[in-house]
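Next come the chains, spelled out residue by residue.
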Amino acid sequence: MHWTKRIAACALPLCLGVATLAIGQAASASTDKASLRDWWKNAVIMEIYPRSFQDSNGDGIGDLNGITQRLDYLKSLGVDAIWLTPIYPSPQVDFGYDISDYQGIAPEYGTMADFDKLMAEANKRHIRVIMDMVMNHSSDKHKWFLESRASKKNPYRNWYVWKDGKGQTATDKGDVPNNWRSDFGGTAWEWDATTRQYWYHKFYTEQPDFNWNNPKVHQAFKDIIAFWLKKGVAGFRFDAITTLFEDPQWRDDDPVLDKSGQPVKGPDGLVELNDTRTNNLPEVHDVMQEMRASADKGFKPSSYPGTRVFIGETYLPNIAELAKQYGTAENPEFHLPMDTQILGINKMDAVAFRAKLNDVETGIGNNVPLLVFDNHDNPRIDARYGDGVHNEDIERVLATVLLASKGTALFYFGDELGMKTTPPERKEDVKDPVGRRMWPFYKGRDGERTPMQWDDSANAGFTTGTPWLPVPPTYTTVNAKAEEGKPDSLLTWYQKLIELKKTHAAFAEGNNLMLDQDNANVLSWLRQTHDGKQVLVSCNFTADAQTVNLSGGGVKRATAKTLLKSPGGSDPASLNSVQLPPFGVWIGEVE
Ligand code: GLC
């Protein structure tokens, strides 16, 4: 299931960090080599939406030099890598996800020299840079598509998905080839009057889908991936990767049925469809194996040692489907397919969280989980989990689940400050086209894309010009400057959690064992190394104070030393009685 379906269901509505890796330095000892190779296994990755992070030239749009200026902030937070959403030239219909040149930099974001400078400065600070790789579609302004639509005989014609209409004649275009829908609403087919065929687009009309049955498309993307790897990037986040292929028989998608077997209608009044004929087809695995083999074998520039990671945008229905995305030892696919199972819970439900975390612990073998709770496509944590009273405490709980669980953690810029979702109030202010189309039922994704809140100066320090999206009024108190060095701030909480993740063996390498499993109010778990080091984590998922008993269940002693606790929390005298304030967190080391 893709994110648009989920959001439609929910959206209406100090320098403590320790950078462990010497990216730019030659690995001397074998342990260094191992840590370089495995840098991604317990890593912390921040997603940066470059348009909204930091503007350096006053045009109101964030840019690469802006990111470079803020690298010290990322280092003090303890971030290992940044994933940049697309920075390539683009008509910006889908804010970069409609790419017109895969090997350039969008002028509004800077130049290739600015990119190289960002890489060099990030490298100095041991921060890796991960690019977005959009292989499902390009912009309709990409030269390949302009060629493709020029004539049916053009060599690029079969780089994209073209089809005759149903009942088409010499004079009548007929009906769309089948009932497939765009994720942004309406039919997925657009008529081309010049060549008299329809093109297929899973997303906006201006984002024609590539034809992945064409080997030339495979080669083109292997070359693009090689281009960026040679520039030293640490990997890619593969966009909309599950939607590369379509049913070869072009069969209609089936309607979604409710419990009584009746078709379910969506916000646009149309019957909802299961997109089984255009999503998660098995051929995607072959492509990813091919891309991974090409990247693993081909490029090992010594200036940038360490594994190049493949991250997948993998919205999947269950853990079994997620497990497949890792591939096998012989034919690996993603290092880190995103685990969006928890992202989809959308309420503070300890039982549901526990079930998903148990799934991850048992369902993906020895692979590394990549938990992710929000991003540029989904309302921020406050809008999906907050109760309006304890939002900051709830954000602290979510940060703890993310950063104190096993695996690699990915969070969205501004989460560490508690930035709030701020959707536009008027249709005419909406920038994301899907928000205009579905207004007012769904207001699009502007609300989670507002500028980074750096300080309490004009425009939150994001720009000296007019910001492309308004800065939310919360910036006067929710900002990096106000939170830095403040013991009880969310930013400090993130810094401390990241430091623990990097420095404490139980967090760095321990497994996750759920405790007190019948408790519907409190989520508690044990992180334990193979040589028995133990840390306990307990998160209250309710607005009432709770007391839990964490003894037993493999916990070796009756007492533990507090490592971290929420404001207002206490140090338990015994693990029989750990007291948690409303939405409180306690983390302790078993002594
Ligand atoms: C992914 C991106 C989203 C984009 C879509 C189409 O889901 O995260 O922002 O609109 O793909 O490229």
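These numbers were taken from a predicted model, which means no experiment stands behind them.

What counts, and at which threshold
- Residues numbered from 1 in each chain as written.
- Predicted model: local features only at pLDDT ≥ 70, side-chain atom pairs only at ≥ 80, totals over all residues.
- Heavy atoms only, no water.
- Helix = DSSP H or I, 4+ residues; strand = E, 2+ residues; numbered from the N terminus.
- Rg over C-alpha atoms; globule rule 2.2 N^0.38 Å.
- Buried < 20%, exposed > 50% of the residue type's maximum accessible area, 1.4 Å probe, protein only.
- Areas by Shrake-Rupley, 256 points an atom, 1.4 Å probe, with all protein chains shown as cover.
- Lys, Arg positive; Asp, Glu negative; His and termini not counted.
- Charge placed at Lys NZ, Arg CZ, Asp CG, Glu CD.
- Expected span 1.5 Å × (residues − 1).
- Arc of directions from axis to C-beta.
- Contact = heavy atoms within 4.5 Å.
- Polar contact = N/O pair within 3.5 Å; in protein donor to acceptor, adjacent residues only side chain to side chain.
- 1 Å grid on protein atoms, 1.4 Å probe; cavity = no way out; pocket = protein on both sides within 12 Å on 5 of 7 lines; lining within 4 Å.
- Points joined across faces, edges and corners; volume = space filled by probe spheres on them.
- Nonpolar A, V, L, I, M, F, W, Y, C, P; charged D, E, K, R; others polar.
- Phe/Tyr/Trp six-rings, centres within 6.5 Å; stacked < 30°, edge-to-face > 60°.
- Lys NZ or Arg CZ within 6 Å of the ring centre and 35° of its normal.
- Domains from an automatic or database assignment.
- Salt bridge = Lys/Arg side-chain N within 4 Å of Asp/Glu carboxyl O.

Side note on the overall build of the chain
When its secondary structure is counted, the chain shows 16 helices and 20 strands. Computed over C-alpha atoms, the radius of gyration of the chain comes to 24 Å, within 12% of the 25 Å expected from 2.2 N^0.38 for 591 residues, which places it in the range of a compact globule. Dimensions of the chain along its principal axes, counting C-alpha atoms only, are 85 × 60 × 55 Å. When the 591 residues of the chain are sorted by exposure, 58% land in the buried category. As displayed, the chain has an accessible area near 22,100 Å², and 50% of this comes from carbon and sulfur atoms. Distance between charge centroids for the chain: 3 Å, based on 65 positive and 78 negative side chains.

Quick notes on helix 10 (residues 350–363)
With 14 residues, helix 10 should reach 20 Å at 1.5 Å per residue; the first-to-last C-alpha distance of 19 Å fits that figure. Those residues of helix 10 that sit buried are Ala350, Phe353, Arg354, Leu357, Val360 and Glu361. The buried side chains of helix 10 occupy one side of the element, clustering within an arc of 125° when seen end-on. Next to the buried residues of helix 10 lie helix 9 (319–324), strand 12 (370–372), helix 11 (381–385), helix 12 (391–403), strand 14 (511–515) and strand 15 (522–528). Where helix 10 begins, one side-chain oxygen reaches toward the backbone nitrogen of valine 351, 3.0 Å away; that side chain belongs to aspartate 349. In the stretch just after helix 10, glycine 365 is the one whose phi turns positive, near 60°.

Considerations on the layout of surface pockets
Think of a ball as big as a water molecule: rolled over the atoms, this probe shows where empty space is left. Here the second largest pocket defines a volume of roughly 530 Å³. The set of elements that each furnish at least two residues to the lining of the second largest pocket consists of helix 2 (30–37), helix 15 (490–503) and helix 16 (505–509). Its residues assigned to classes, the lining of the second largest pocket shows seven nonpolar, eight polar and eight charged.

Describing the packing of aromatic side chains
Inspection of every chain in the model, using the stated rule, returns 38 aromatic pairs. Taken together, a centroid distance of 5.7 Å and an interplanar angle of 5° make the contact between phenylalanine 145 and tryptophan 162 stacked. Of this pair, phenylalanine 145 sits in helix 6 (residues 143–148) while tryptophan 162 sits in strand 4 (residues 162–163), and the two are 17 residues apart along the sequence. Here the two residues phenylalanine 145 and tryptophan 162 agree in accessibility, since each one is buried. The ring of tryptophan 493 is capped by arginine 396, whose NZ or CZ atom sits 5.6 Å from the centre of that ring.

Things to note about the domain arrangement of the chain
Each assigned domain of the chain is listed here: domain 1 (3–137 + 215–245 + 304–498), domain 2 (138–209 + 247–280) and domain 3 (511–590). Each of domain 1 and domain 2 has a C-alpha centre, and the two are 30 Å apart. Domain 1 puts 32 residues into the contact, and the matching count from domain 2 is 25 residues. Counting every contact that joins domain 1 to domain 2 gives zero salt bridges. Within the residue set of the side of domain 1 that touches domain 2, elements represented by two or more residues are helix 1 (3–10), helix 7 (215–230) and helix 13 (433–438). For the side of domain 1 that touches domain 2, the per-class residue count stands at 16 nonpolar, seven polar and nine charged.

Thoughts on the pattern of salt bridges
Applying the stated criterion across every chain, the model contains 33 salt bridges. Residue aspartate 377 pairs with arginine 445 through a salt bridge whose shortest N-O separation is 3.0 Å. Of the two residues, aspartate 377 sits in the loop between strand 12 and helix 11 while arginine 445 sits in the loop between helix 13 and helix 14 (480–483), which places them 68 residues apart along the sequence. Using a relative accessible area of 3% as the deciding quantity, one classes aspartate 377 as buried. The exposure class assigned to arginine 445 is buried, which follows from its relative accessible area of 2%. Residue glutamate 392 is joined to arginine 396 by a salt bridge in which the shortest nitrogen-to-oxygen separation is 3.2 Å. Of this pair, glutamate 392 and arginine 396 are both found in helix 12, four residues apart, which corresponds to roughly one turn of the helix. Overall, the relative accessible area of 38% leaves glutamate 392 in the partly exposed class. For arginine 396, a relative accessible area of 2% gives the class buried. In this structure, a network of salt bridges that share partners links the residues Asp94, Asp377, Asp432, Arg445 and Arg449.

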